[in-house]
Protein chains: 2
Amino acid sequence: MTKIITIPDLKKLIAKHGMQAFYRDLLRYLKEDFTRWDEFHKIPRIAAHVPNGIIELMPIWDDRYYSYKYVNGHPRNTASGHLTVVATGCLTDIATGYPLLLSEMTVLTGIRTAATTALASDLLARRDVTTMTVIGTGAQSEFLVLAHRVIRPIDTIRYFDLDPEAMHRFRKNMQDSGLHLIECRCAEEAVSGGGIITTATAAPGHQEVVKDAWVKPGVHINGIGGDSPGKTELALATLKRAKIFIEFMPQTQLEGEIQQLTPQERSEHVRGELWELVTNQKKGRESNDDITLYDSVGFALEDYSVLRLVRDLSQHYDIGTDLPIIPELSDPKDLISLLAGHHLS
Amino acid sequence: MTKIITIPDLKKLIAKHGMQAFYRDLLRYLKEDFTRWDEFHKIPRIAAHVPNGIIELMPIWDDRYYSYKYVNGHPRNTASGHLTVVATGCLTDIATGYPLLLSEMTVLTGIRTAATTALASDLLARRDVTTMTVIGTGAQSEFLVLAHRVIRPIDTIRYFDLDPEAMHRFRKNMQDSGLHLIECRCAEEAVSGGGIITTATAAPGHQEVVKDAWVKPGVHINGIGGDSPGKTELALATLKRAKIFIEFMPQTQLEGEIQQLTPQERSEHVRGELWELVTNQKKGRESNDDITLYDSVGFALEDYSVLRLVRDLSQHYDIGTDLPIIPELSDPKDLISLLAGHHLS
């Protein structure tokens, strides 16, 4: 039997464990795995550029597990009532190649992106930050806010989205959070006063959802939405003022905000990869006036970490749906016996 | 809901449709898809070389479907009662990126490998062949024989395996097939008299499971087991006597029998890719004395075809297990609503 984690299974798991505890554990798993960076075999994700969007496979492996995720990005999906992004993932046993866990990853992608961003914010933002700015209150926004509460005593959210419905939904979903929610009339108003500025918009092409003039010394920016070739959210001038950290250069240079930089500019402004911050091999913020930027595109290691956590918790709470997807045979070489005589039909 | 095809689902499907009919339909689907070769986006599979074996992702896509397979190869797995190869696969909708079918692919890999090999044999073997040689009677062997009955009036099987148990199992599984089964004491005896010679052994490294001196003019050889870097089954001298056809050069040159050839020898002896035979753009056998060789490594298009067939049949017979793995939302941007309030826990 192979353990499947469906949407109801994940809901049950989070209800049992608690969302805050899930984020706290995931941050710990992420730190453990980023600390072991050199033990992983890493490749840029395999991207298929298709008529309405993008489809990706994201594998990674070490000596214990192989993990992969299937994920799409179809900006126009919502017009037909579909999600822009859906995902499924799998954690398998390196020793045998057998799948251990096959999981929904649409929700888990939202969670792991938020947790990794919070990890970067923890290592880069000022210690005294209490206000967070959210530009783009789409599917990712609530996850981002909840994860950041684990790493800083956030009490105020300044938020803006071009779509009033998206702002309304965000307020509704966060109204019982105890956070002070400040709905802003424009991006500039939202950015003003935020110590951590997070952009997660779906706008295609090269945008400037945050103008450089609005970016004050001392802020930490998470650029989440610039995550594929030709899609960016921040001003080139801001990149040149910031200390930039990324996930994995071979992938980020194609997909992240830094695709706007020349190779020489990259070597000047990109200070390192996230794992180098986690392991203290690189310095992040050096003064309260530094502008820091986490240029996130989403990397396979984050999927590995969240699948590892879900596997551990699914065993702990005995949650999941068992399905016979992998053959179980008394004689492992007798594959055709699975067809129980029907092979001659 | 996402349609899952478990092992019991596949068994039910084949029992309903009939194995012969399944092979006949699959050969038709393969021909259709190989005919559309240029419409597919093709990359060599993504291989992870891990301590006990290999783990691969095999994606391919056209304007209608994206398909991928996860598959391993762990030669020592049988010692612990595990299968050497297990696989799962997925067919998704290019227009939305949504998964349409998530399937067991351990059995389907056996079936599609056999069907593609039979397709090659149909295009390359002599029309008057009635005897087939099988070297290596492992998990793949019965599938190979059954698929070949669809394309030639095979009445006799000459078979050999180093493992007597494997030969015994093969005989048992095929005893009601109506075929004349000739158990041989060595590979040479099995090869002698076979018009189609198929090798599918698990032996690691560069082997010569068929010596060149045994290969008579007129035979067609399917080299199935030489399918990863450093693993081959045929003699270099045989390759140089044969008209060779392959699946996809960027992958086969790394994994197939032809890894033994220099680039210049390859351009001389490799006559084309399978799709060029299917579309009559290349000539296969030109005389009854030609030696032809199909150097198979397994290509993603074959997974695409079998997943497409399984999807069509699962709809026709209403077979499959529906699971909520992809979120269903009245508001597709309200992802966190899936957690039903537990996000603040």
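As the structure is a computational prediction, the values presented were derived from the model and not from experiment.

Procedures and definitions
Residues numbered from 1 in each chain as written. Chains lettered and ligands numbered in written order. Predicted model: local features only at pLDDT ≥ 70, side-chain atom pairs only at ≥ 80, totals over all residues. Heavy atoms only, no water. Helix = DSSP H or I, 4+ residues; strand = E, 2+ residues; numbered from the N terminus. Rg over C-alpha atoms; globule rule 2.2 N^0.38 Å. Buried < 20%, exposed > 50% of the residue type's maximum accessible area, 1.4 Å probe, protein only. Contact = heavy atoms within 4.5 Å. Areas by Shrake-Rupley, 256 points an atom, 1.4 Å probe, with all protein chains shown as cover. Lys, Arg positive; Asp, Glu negative; His and termini not counted. Charge placed at Lys NZ, Arg CZ, Asp CG, Glu CD. Core = buried A, V, L, I, M, F, W, Y, C linked by side-chain atoms within 4.5 Å. Buried area = accessible area lost by both parts, 1.4 Å probe. Salt bridge = Lys/Arg side-chain N within 4 Å of Asp/Glu carboxyl O. Polar contact = N/O pair within 3.5 Å; in protein donor to acceptor, adjacent residues only side chain to side chain. Nonpolar A, V, L, I, M, F, W, Y, C, P; charged D, E, K, R; others polar. Pairing = 2+ DSSP bridges. Right-handed = clockwise from strand over helix to strand, strands pointing away. Axes fitted to C-alpha atoms, helices over the stretch in contact; angles between N-to-C directions. Least-squares fit on C-alpha atoms with pLDDT ≥ 70 in both.

1. Looking at the overall build of chain A
Part 1 of the reasoning: From N to C terminus, chain A includes 11 helices and 18 strands.
Part 2 of the reasoning: Scaling as 2.2 N^0.38, a compact globule of 345 residues should have a C-alpha radius of gyration of about 20 Å, and chain A matches this with 21 Å.
Part 3 of the reasoning: Buried positions account for 64% of the 345 residues belonging to chain A.
Part 4 of the reasoning: For chain A, contacts bridging at least 24 residues in sequence account for 72% of all contacts bridging at least 6.
Part 5 of the reasoning: As displayed, chain A offers around 12200 Å² of accessible surface, 49% of which is attributable to carbon and sulfur atoms.
Part 6 of the reasoning: On chain A, the mean spot of the 37 positive side-chain charges and the mean spot of the 45 negative ones are 4 Å from each other.

2. A closer look at the nonpolar core
Part 1 of the reasoning: If you look at the biggest cluster of nonpolar residues, it comprises 234 residues, and the most contacted ones within it are Phe 22, Ile 111 and Ile 157 of chain A together with Phe 22, Ile 111 and Ile 157 of chain B.
Part 2 of the reasoning: Apart from the residues lying within four places of it in its own chain, the contact partners of Ile 111 of chain B are Ile 14, Met 19, Phe 22, Tyr 23, Leu 26 and Phe 143 of chain B.

3. Remarks on the interface of chain A and chain B
Interfaces are often described in size by the accessible area the parts lose on coming together.
Part 1 of the reasoning: Contacts between the two partners involve 77 residues from chain A and, on the opposite side, 77 residues from chain B.
Part 2 of the reasoning: Between chain A and chain B, a total of about 7300 Å² is buried, with carbon and sulfur atoms accounting for 71% of that surface.
Part 3 of the reasoning: For the pair chain A and chain B, the number of links is 6 salt bridges.
Part 4 of the reasoning: For Asp 163 of chain B, the salt bridge identified is with Lys 333 of chain A, shortest N-O distance 3.6 Å.
Part 5 of the reasoning: In this structure, the connection of chain A to chain B is made through 26 residue pairs in polar contact (both at pLDDT 80 or more).
Part 6 of the reasoning: Tallying contributions element by element places helix H1 (residues 7–17) of chain A first for the side of chain A that touches chain B, with 5 residues.
Part 7 of the reasoning: Split into classes, the residues belonging to the side of chain A that touches chain B amount to 44 nonpolar, 22 polar and 11 charged.

4. Brief notes about the pairing of strand E9 (residues 156–160) of chain B
Looking down a regular strand, the side chains alternate between one sheet face and the other.
All names here are of chain B.
Part 1 of the reasoning: With 5 of 5 residues buried, E9 lies mostly within the body of the structure.
Part 2 of the reasoning: Relative to E9, strand E8 (residues 131–135) is paired through 5 bridges, and the arrangement is parallel. Bridge pairing in E9 places Thr 133 opposite Arg 158.
Part 3 of the reasoning: Viewed along the sheet, the connection from E8 through helix H4 (residues 141–151) into E9 turns out right-handed.
Part 4 of the reasoning: In terms of strand pairing, E9 meets strand E10 (residues 180–183) through 4 bridges, oriented parallel. Residue Arg 158 lies in a different strand from E10, and its bridge partner there is Ile 182.

5. Some remarks on the sheet that holds strand E11 (residues 196–199) of chain A
All names here are of chain A.
Part 1 of the reasoning: As summarised here, the arrangement of the 8 strands in space is E10-E9-E8-E11-E13-E17-E15-E16, forming an open sheet in which the pairing is parallel. Strands at the two margins of the open sheet, each flanked by one partner only, are strand E10 (180–183) and strand E16 (270–273). Pairwise comparison of adjacent strand axes, ignoring direction, gives a mean angle of 20 degrees for this sheet.
Part 2 of the reasoning: Across the face of the sheet, helix H4 (residues 141–151) comes into contact with strand E8 (131–135), strand E9 (156–160), E11 and strand E13 (220–223) while running at roughly 165 degrees to E8.

6. A word on the relation of the copies chain A and chain B
Part 1 of the reasoning: For these two chains of identical sequence, chain A goes onto chain B by a turn of 180 degrees and a shift of 0.0 Å along the axis, with RMSD 0.0 Å. Here the copies are linked by what is in effect a two-fold axis.
Part 2 of the reasoning: Of the interface residues in chain A, 100% have counterparts in chain B that sit at the interface too, so the contact is made through matching surfaces.

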